[in-house]
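Listed here are the chains, written in short residue letters.
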Amino acid sequence: MVELSGVLGVAMVALGMVLTPGPNMIYLVSRSITQGRRAGVVSLGGVAVGFLVYLLATNLGLSVVFLAVPELYVAVKLAGAAYLAYLAWNALRPGGLSVFTPEELPHDSSRKLFTMGLTTNLLNPKIAIMYLSLIPQFISLEAGNVLLQGFLLGSVQIAVALTVNLGIVLAAGAIAVFLARRPSWLRAQRYLMGTALGLLAVSVATDTSAPARA
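Residues numbered from 1 in each chain as written. Predicted model: local features only at pLDDT ≥ 70, side-chain atom pairs only at ≥ 80, totals over all residues. Heavy atoms only, no water.

### A closer look at the nonpolar core
If you look at the biggest cluster of nonpolar residues, it comprises 33 residues, and the most contacted ones within it are Leu28, Phe51, Ile127, Tyr131, Ile135 and Leu153. Where this core is concerned, the elements lending two or more residues are helix H1 (4-19), helix H2 (23-35), helix H3 (37-68), helix H6 (125-134) and helix H7 (146-180). A total of nine residues in this core trace back to one element, the largest contributor, which is H7. Those residues within four positions of Leu28 in sequence are excluded, and the remaining contacts are Gly40, Ser43, Leu44, Val47, Asn165 and Val169. (Core = buried A, V, L, I, M, F, W, Y, C linked by side-chain atoms within 4.5 Å. Buried < 20%, exposed > 50% of the residue type's maximum accessible area, 1.4 Å probe, protein only. Helix = DSSP H or I, 4+ residues; strand = E, 2+ residues; numbered from the N terminus. Contact = heavy atoms within 4.5 Å.)

### Focus on the packing of H1 against H6
Viewed as axis vectors pointing N to C, H1 and H6 meet at an angle of 165°, and their least axial separation amounts to 11 Å. In this view, H1 runs roughly antiparallel relative to H6, as classed from their interaxial angle. Crossing of H1 against H6: the hand is right-handed. Contact residues: H1 offers Val13, Ala14 and Met17, while H6 offers Lys126, Met130 and Leu134. Considered class by class, the residues forming the contact of H1 with H6 number five nonpolar, no polar and one charged. (Axes fitted to C-alpha atoms, helices over the stretch in contact; angles between N-to-C directions. Parallel < 35°, antiparallel > 145°, perpendicular 65-115°, else oblique. Left-handed = near helix turned anticlockwise from the far one by under 90°. Nonpolar A, V, L, I, M, F, W, Y, C, P; charged D, E, K, R; others polar.)

### Remarks on the side chain of Asn24
By the element assignment, Asn24 lies in helix H2. Aside from chain neighbours lying at most four places away, what touches Asn24 is Val47, Phe51, Thr120, Asn121, Asn124 and Ile127.

### A word on the confidence of the model for the chain
Per-chain confidence: the chain averages 77 in pLDDT, with 77% of residues scoring 70 or above. The weakest mean pLDDT in the chain belongs to helix H4 (residues 70-92) at 71; the strongest belongs to helix H5 (residues 110-122) at 91. (pLDDT = per-residue confidence, 0-100.)

Dropping the structure here:
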């Protein structure tokens, strides 16, 4: 069975990752503010399926590909770092917008919202890094079935991520109104988000560790 230390470790990693502003948060907040909570929840459904895709792919051997072709792993990691740096620049540049700044977006159908949520998560470099490099580190060979451990630990990550993201979806509108009435807080939130993304980009780009074996 999975060791308690592994469960707690994955939970802490998952919490830290989901609270760091990234593509999923930006998309869910923007949809919740402009199209309502229902749109945010539908979009979150797509994000949830994206987590399941990563969970299945990682535990069924995707990490083996990166172990066999380390150059591909490096390329994916650097591409993810570049994308995070791009998001950081968009937040920090003069005239940049906070994730909680309402923007005019077209009201899309539930199918499109779900698909966009799924696509956003599948292309999220934070999630790829977490499943390919971080979660496998909490698997213990002495604890028994490695495949079962991978699925259980991945389920812990999904539970934490969906719980936090649901809270963000439900509170996004109220947070946006609160910050809109306090421009200095809105700027502070934008700079904090941009700085966090920038630091994450640097961390990802300079990490020399190899992908862990699931």
